[in-house]
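Architecture at a glance
Spelled out, the chains give:
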Amino acid sequence: MNKLAFKNGDKIDAIGLGTWKSDAGEVGQAVKEAIKIGYRHIDCAWIYQNEKEIGDAFQEVFTADIVTREELFITSKLWNSFHAPEDVEKGLRETLTALRLDYLDLYLIHWPIAHKPGVIFSEDASGFATLDEYPIAKTWKAMEALVQKGLVKHIGVSNFNVPKLQRLMDIAAIVPEMNQVESHPLLAQNELFEFCSNNGILYTAYSPLGSRDRSPNMKGANEPDLFENKTLKSIATNHGVHPAQILIKWAEGRGTAVIPKSVNPARLKQNLESASISLSIDEMEQINALDKGYRFLDGKFWEREGGYYTAEMIWND
Ligand code: A2P
């Protein structure tokens, strides 16, 4: 499997385990199974509300000598309610306590969106804060301080576009080391990926399978089904694999990290084994041609009547 390298030489497996939407009662088992079969990169977040069960799973695999802490690469993300610089370490510490770890390998600002401190979700505009109140630049400085303290090895962002990355780079002492964004053949984000590559920012693809298990209120009408896509299906049939594996191989093959979510042992194995599929240049080109800038996570779920945040601002400003 491909590995991506940070500037200091640390490496991350291109294929990791996503844990968004992995429910309580399932996620611990899935993480243990994943680690047993060879996953070494686990992607978590405070807001997934399952870090405690994942932390217990980590302890079990450490105690059973299946893997050491140093062999795992563990990512988590700062939730929107901790953007005030004085709250950043608090947000991280809640994650570290839940995950039962004393450091993270990678910590990301989850969204370029601030909530008022203490507000986890808000149905109306009143729970949100503006980026003038909590500028990303100040949140970033507090992220940098976490590296100095040895609490996290690497820092980065999620859901950032080129202008937002550029503005952050202009003030950063530590250039963001990772940008985690939605990515699959319908949303290749070539320009963003190229910008990241040219600036030493690694790129992780989330929702690589189209995130079909999202709650209905996060789904659009008539969404495309990646598993039913004719091109992907025909390539999958030629290789005798599931279209999910072609999606994962495409992401790994183009040099990104990719974090498919599964809680099913057979699918966890399939997903990891995708690395050994060999796609021809022609097949890669056929998949590249599917790009149409289609987002499954369109960002509209951040819009509120009279609110500050719009999907347009998140993806384009
Ligand atoms: P499950 O967890 O039951 O395996 P994404 O990573 O884009 O968020 O997609 C996750 C969804 O894709 C989940 O519904 C997950 O179901 C499903 N999934 C994951 N791996 C596979 C696979 N190899 N084949 C079919 N479905 C998969």
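Structural notes, computed from the coordinates. (Residues numbered from 1 in each chain as written. Predicted model: local features only at pLDDT ≥ 70, side-chain atom pairs only at ≥ 80, totals over all residues. Heavy atoms only, no water.)

Right, let's get into the environment of Glu182. In this structure, Glu182 sits in strand E10 (residues 178-182). For Glu182, a relative accessible area of 1% gives the class buried. Spatially, the C-alpha atom of Glu182 lies 5.7 Å from that of Ser207, the residues being 25 residues apart in sequence. Other than its neighbours up to four places away in sequence, Glu182 contacts Leu187, Gln189, Tyr203, Tyr206, Ser207, Tyr294, Arg295, Phe296 and Leu297. (Helix = DSSP H or I, 4+ residues; strand = E, 2+ residues; numbered from the N terminus. Buried < 20%, exposed > 50% of the residue type's maximum accessible area, 1.4 Å probe, protein only. Contact = heavy atoms within 4.5 Å.)

The immediate surroundings of the ligand are formed by 19 residues, with Ser211, Lys261, Ser262, Arg267 and Asn271 found nearest. A distance of 3.0 Å separates an oxygen atom of the ligand from a polar atom in the side chain of Lys21. Gly210 is positioned with one of its backbone polar atoms (N or O) 3.2 Å from an oxygen atom of the ligand. Burial of the ligand by the protein chains amounts to 89% of its free accessible area of 570 Å². Per-element accounting of the shell around the ligand gives the leading share, three residues, to helix H9 (residues 265-273). Tallied by class, residues from the shell around the ligand come to six nonpolar, eight polar and five charged. (Near = heavy atom within 4 Å. Polar contact = N/O pair within 3.5 Å; in protein donor to acceptor, adjacent residues only side chain to side chain. Areas by Shrake-Rupley, 256 points an atom, 1.4 Å probe, with all protein chains shown as cover. Nonpolar A, V, L, I, M, F, W, Y, C, P; charged D, E, K, R; others polar.)

Pairs can form between side chains of opposite charge whenever their charged atoms are close. The full count for this structure, using the stated rule, is 16 salt bridges. One salt bridge in this structure joins Asp213 and Lys21, with 2.7 Å as the shortest N-O distance. Pair noted here: Asp213 is in the loop between strand E11 (202-206) and helix H7 (230-239) and Lys21 is in the loop between strand E3 (17-18) and helix H1 (27-37), with a separation of 192 residues, a long-range link. Residue classification places Lys21 among the buried residues on the basis of a relative accessible area of 18%. A salt bridge links Glu223 to Arg214; its shortest N-O distance comes to 2.8 Å. (Salt bridge = Lys/Arg side-chain N within 4 Å of Asp/Glu carboxyl O.)

On the basis of which strands lie adjacent, the open sheet formed by eight strands has the order E3-E4-E5-E6-E9-E10-E11-E12 and parallel pairing. On the outer flanks of this sheet lie E3 and strand E12 (257-258), each paired with one strand and no other. Against the sheet, helix H3 (residues 85-99) contacts strand E5 (73-78), strand E6 (104-109) and strand E9 (152-158), and its axis sits at roughly 135 degrees relative to E6. (Pairing = 2+ DSSP bridges. Axes fitted to C-alpha atoms, helices over the stretch in contact; angles between N-to-C directions.)

A few words now on the environment of Ser211. Mapped onto the secondary structure, Ser211 falls in the loop between E11 and H7. Assessed through its relative accessible area of 6%, Ser211 is described here as buried. Residues Ser211 and Lys21, 190 residues apart in the sequence, show an inter-C-alpha distance of 9.0 Å. Beyond its immediate sequence surroundings of up to four residues, Ser211 is in contact with Trp20, Lys21, Lys219 and Leu297. Side-chain polar atoms of Ser211 contact the side chain of Ser207, separated by 3.5 Å.

For the rest of this paragraph, the subject is H1. Restricting attention to buried positions, one finds in H1 the residues Val27, Gly28, Ala30, Val31, Lys32, Ala34 and Ile35. In this structure, the buried residues of H1 make contact with E3, strand E4 (41-43), helix H2 (51-63) and H9. Remark: Gly38 follows H1 within two positions and exhibits a positive phi of approximately 120 degrees.

What follows is about the packing of aromatic side chains. Evaluation of the coordinates by the stated rule reveals 14 aromatic pairs. Residues Trp79 and Trp302 carry aromatic rings whose centres are separated by 6.1 Å and whose planes lie at 40 degrees to one another, so their mutual orientation is tilted. With Trp79 in the loop between E5 and H3 and Trp302 in the loop between helix H10 (281-288) and helix H11 (311-316), the pair connects residues that are 223 residues apart, well separated along the chain. Residue Trp79 is classed as buried on the basis of its relative accessible area of 2%. Both rings, one in Tyr308 and one in Tyr309, keep their centres 4.7 Å apart while their planes meet at 90 degrees; by these two values the pair is edge-to-face. On the accessibility criterion, Tyr309 (2% relative accessible area) is buried. (Phe/Tyr/Trp six-rings, centres within 6.5 Å; stacked < 30°, edge-to-face > 60°.)

Counting buried residues in E5 gives six out of six residues, a clear majority hidden from the surface. Relative to E5, E4 is paired through three bridges, and the arrangement is parallel. Across the sheet, Asp43 pairs through a bridge with Thr75, a residue of E5. Taken together, E4, H2 and E5 form a β-α-β motif whose crossover is right-handed. Pairing geometry for E5 and E6, over four bridges, is parallel. Within E6, the position partnered with Ser76 by the bridge is Tyr107. Between the parallel elements E5 and E6, the chain passes through H3 in a crossover that is right-handed. (Right-handed = clockwise from strand over helix to strand, strands pointing away.)

Interpretation note: all reported values are geometric properties and have no functional meaning in isolation.
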